[in-house]
Amino acid sequence: MLKDITLGQYFPGNTIVHRLDPRTKLLAVILYVVALFVAKGIVSYAVMAAVLAVCILASRVQMKALTRGLKPIYFIIIFTAVMNLFFTGGTPLGEGWILSHITHEGIHSAIFMVLRIVMLIMGTFLVTYTTSPIQLTDGLENLLSPLKKLRLPVHELAMMMSIALRFIPTLIEETDKIMSAQKARGADFESGNLLQRAKALIPILVPLFISAFRRADELATAMECRCYHGGEGRTALHVLRYKEADILVLLGFAAVLVGIFVLKHFGF
């Protein structure tokens, strides 16, 4: 299960999506998320699914990697579907204990909610899959640069967000190694009630925290050895500049958002 968590991973490539400005990808995913939450009808969801399919094909990210990232949240998806299925008011499907609690509106709501969660996760994962840590940091810092007028440490915030995101795969790999080592020593993480399983995780959490603090200390030492002192006076090796493709992508996502608003107005 831990190996199925792909959040924070980066898949190098030379596709049009990889070459886009990181700011473009961040703004595009914001427009995509807003449009996804605005969508209400079948036509709107079909348009969003088509947009996601085009992005996946253009990025050449394997579908297996995207679906593998969904495995850790299968429980959330199923729980959301059940809650919408049984607790949405409307016209019952029929008589009986189960049919009387399931409504046509509930089925409609459950299907669309599941589609929304799946497309939301796949769309946001594409950003980390196709953007390197350095590009992600530069893009976040540039987008948050207006906050510098409020004396906020924008560079440090962007750096921390990027490091935290990229440390997720490392910590997952470390957790998997610790669990394998503990199982080899006879540890059992699958039997017993919920409280017993929680207590069994203690031999994992202690070495995991120690390893995380050790890696953080090593990273801090490496940054200090490279004379890193925050964003003051620093320059970028690669200056971010919007290209024609970036403008077209942003205009395209903006048009999709406007189109979704129009479809929602007409009930589609």
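Each value, and the rule that gives it
- Residues numbered from 1 in each chain as written.
- Predicted model: local features only at pLDDT ≥ 70, side-chain atom pairs only at ≥ 80, totals over all residues.
- Heavy atoms only, no water.
- Helix = DSSP H or I, 4+ residues; strand = E, 2+ residues; numbered from the N terminus.
- Buried < 20%, exposed > 50% of the residue type's maximum accessible area, 1.4 Å probe, protein only.
- Contact = heavy atoms within 4.5 Å.
- Lys, Arg positive; Asp, Glu negative; His and termini not counted.
- Charge placed at Lys NZ, Arg CZ, Asp CG, Glu CD.
- Salt bridge = Lys/Arg side-chain N within 4 Å of Asp/Glu carboxyl O.
- 1 Å grid on protein atoms, 1.4 Å probe; cavity = no way out; pocket = protein on both sides within 12 Å on 5 of 7 lines; lining within 4 Å.
- Points joined across faces, edges and corners; volume = space filled by probe spheres on them.
- Nonpolar A, V, L, I, M, F, W, Y, C, P; charged D, E, K, R; others polar.
- Axes fitted to C-alpha atoms, helices over the stretch in contact; angles between N-to-C directions.
- Parallel < 35°, antiparallel > 145°, perpendicular 65-115°, else oblique.
- Core = buried A, V, L, I, M, F, W, Y, C linked by side-chain atoms within 4.5 Å.

## Notes on the overall build of the protein
Each helix and strand in the protein was counted, giving 11 helices and zero strands. N-terminal to C-terminal, the α/β element order of the protein is α-α-α-α-α-α-α-α-α-α-α. In terms of its C-alpha atoms, the protein occupies a principal-axis envelope of roughly 70 × 60 × 35 Å. Within the protein, buried positions represent 34% of all 268 residues. Summarising the internal contacts of the protein: among those between residues at least 6 apart in sequence, 74% fall at separations of at least 24. Once the 26 positive and 18 negative side-chain charges of the protein are each reduced to a mean point, those two points are 3 Å apart.

## A word on the pattern of salt bridges
Under the criterion given, the structure shown has three salt bridges. Between R23 and D21 there is a salt bridge, with the nearest N and O atoms lying 3.0 Å from each other. Look at R23 and you get buried, because its relative accessible area is 6%. For R215, the salt bridge is made with E174, and the minimal N-O distance between the two is 3.0 Å. Taken together, the positions of R215 in helix α10 (residues 202–225) and E174 in helix α8 (residues 154–184) put the pair 41 residues apart, joining distant regions of the chain.

## A closer look at the layout of surface pockets
There is about 430 Å³ of room inside the second largest pocket. Along the wall of the second largest pocket there are 21 residues; nearest its centre are V17, A28, C55, V249 and F253. Secondary structure elements with two or more residues in the lining of the second largest pocket: α1 (16–19), α2 (22–38), α3 (42–59), α6 (104–130) and α11 (244–265). Here the element with the most residues in the lining of the second largest pocket is α3; it accounts for six residues. The residue makeup of the lining of the second largest pocket, split by class, is 17 nonpolar, three polar and one charged.

## Here's the deal with the packing of α2 against α6
At a minimum axis distance of 10 Å, the contact between α2 and α6 shows a crossing angle of 180°. Of the possible angle classes, the one that applies to α2 and α6 is roughly antiparallel. Together, K25, L26, V29, Y32, V33, L36 and F37 of α2 and R116, M119, L120, G123, T124, V127 and T130 of α6 make up the contact between the two elements. Each residue belonging to the contact of α2 with α6 can be placed in one class, and the counts come to nine nonpolar, three polar and two charged.

## Considerations on the packing of α2 against α11
In helix packing, the relevant descriptors are the interaxial angle and the interaxial distance, both defined with respect to the helix axes. Between α2 and α11, whose axes approach to 9 Å, the crossing angle comes to 10°. Relative to α11, α2 is oriented roughly parallel. Each of T24, L27, A28, L31, Y32, V34, A35 and V38 in α2 lies in contact with α11, whose residues at this interface are D246, V249, L250, F253, A254, L257, I260, F261 and K264. Considering only residue class, the contact of α2 with α11 consists of 14 nonpolar, one polar and two charged.

## Topic: the nonpolar core
Formed by 30 residues in total, the largest nonpolar core has its most connected members in Y32, M48, L52, L66, M119 and I260. For this core, the secondary structure elements donating two or more residues are α2, α3, α4 (63–68), α6 and α11. Once you skip the residues sitting within four places of it in the chain, M48 turns out to touch Y32, A35, L36, A39, M119, V256 and I260.

## Observations concerning helix α7 (residues 133–143)
It helps to recall that an α-helix has 3.6 residues per turn; residues three or four apart then point in one direction. For α7, the full list of buried residues reads L136, T137, G139, L140 and E141. Buried residues along α7 sit in contact with α2, α6 and α8.

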